[in-house]
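Residues per chain are reported as follows:
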Amino acid sequence: TLTTQNNVAASLGEVGRHQEALAMKQEVLEVRREVLGPRHPDTLTTQNNVAASLGEVGRHQEALAMKQEVLEVRREVLGPRHPDTLTTQNN
């Protein structure tokens, strides 16, 4: 399942296998976009995770752009004071 795959990706990152973690998170994001839509909270969480992984592999400009996109959509979908919006803003 996608949740399990996302958990495996997180574990890969924790043991320093950042490229593999990024690839797996990108797979999860692609499926979540197809199944849930690009503005669904779970999709946005996964997109935020991908952004973090991009930063871990040194792709900082891409990470920043993706985090800004997630923040913008979360503000629109969840509102500016929602905990997920504030977490994204803090990151």
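This one's a predicted model, so the numbers in the text were calculated from it and none came from an experiment.

Draft legend 1. Representation of the overall build of the chain within the structure. Scanning the chain for helices and strands turns up five helices and zero strands. N-terminal to C-terminal, the α/β element order of the chain is α-α-α-α-α. By the compact-globule yardstick of 12 Å for 91 residues, the chain fits well, its C-alpha radius of gyration being 13 Å. Referenced to the eigenvectors of the C-alpha coordinate spread, the extents of the chain come out at roughly 35 × 25 × 20 Å. The buried share of the chain, reckoned over its 91 residues, is 33%. Long-range contacts, defined here as pairs at least 24 residues apart, represent 34% of the contacts in the chain between residues at least 6 apart. As displayed, the chain offers around 5500 Å² of accessible surface, 49% of which is attributable to carbon and sulfur atoms.

Draft legend 2. Layout of the environment of Arg-17. Inspection of the secondary structure assignment puts Arg-17 in the loop between α1 (2–14) and α2 (18–36). Residues Arg-17 and Glu-56, 39 residues apart in the sequence, show an inter-C-alpha distance of 10.0 Å. Of the polar contacts made by the side chain of Arg-17, one reaches the side chain of Glu-20; its length is 2.7 Å.

Draft legend 3. Highlighting helix α4 (residues 60–78). Over its 19 residues, α4 runs 26 Å from end to end, which matches the ideal 27 Å to within 8%, given 1.5 Å per residue. For α4, the elements touching its buried residues are α3 (41–56) and α5 (83–90). Remark: Gly-79 follows α4 within two positions and exhibits a positive phi of approximately 100°.

What counts and what doesn't
Residues numbered from 1 in each chain as written. Predicted model: local features only at pLDDT ≥ 70, side-chain atom pairs only at ≥ 80, totals over all residues. Heavy atoms only, no water. Helix = DSSP H or I, 4+ residues; strand = E, 2+ residues; numbered from the N terminus. Rg over C-alpha atoms; globule rule 2.2 N^0.38 Å. Buried < 20%, exposed > 50% of the residue type's maximum accessible area, 1.4 Å probe, protein only. Contact = heavy atoms within 4.5 Å. Areas by Shrake-Rupley, 256 points an atom, 1.4 Å probe, with all protein chains shown as cover. Polar contact = N/O pair within 3.5 Å; in protein donor to acceptor, adjacent residues only side chain to side chain. Expected span 1.5 Å × (residues − 1).

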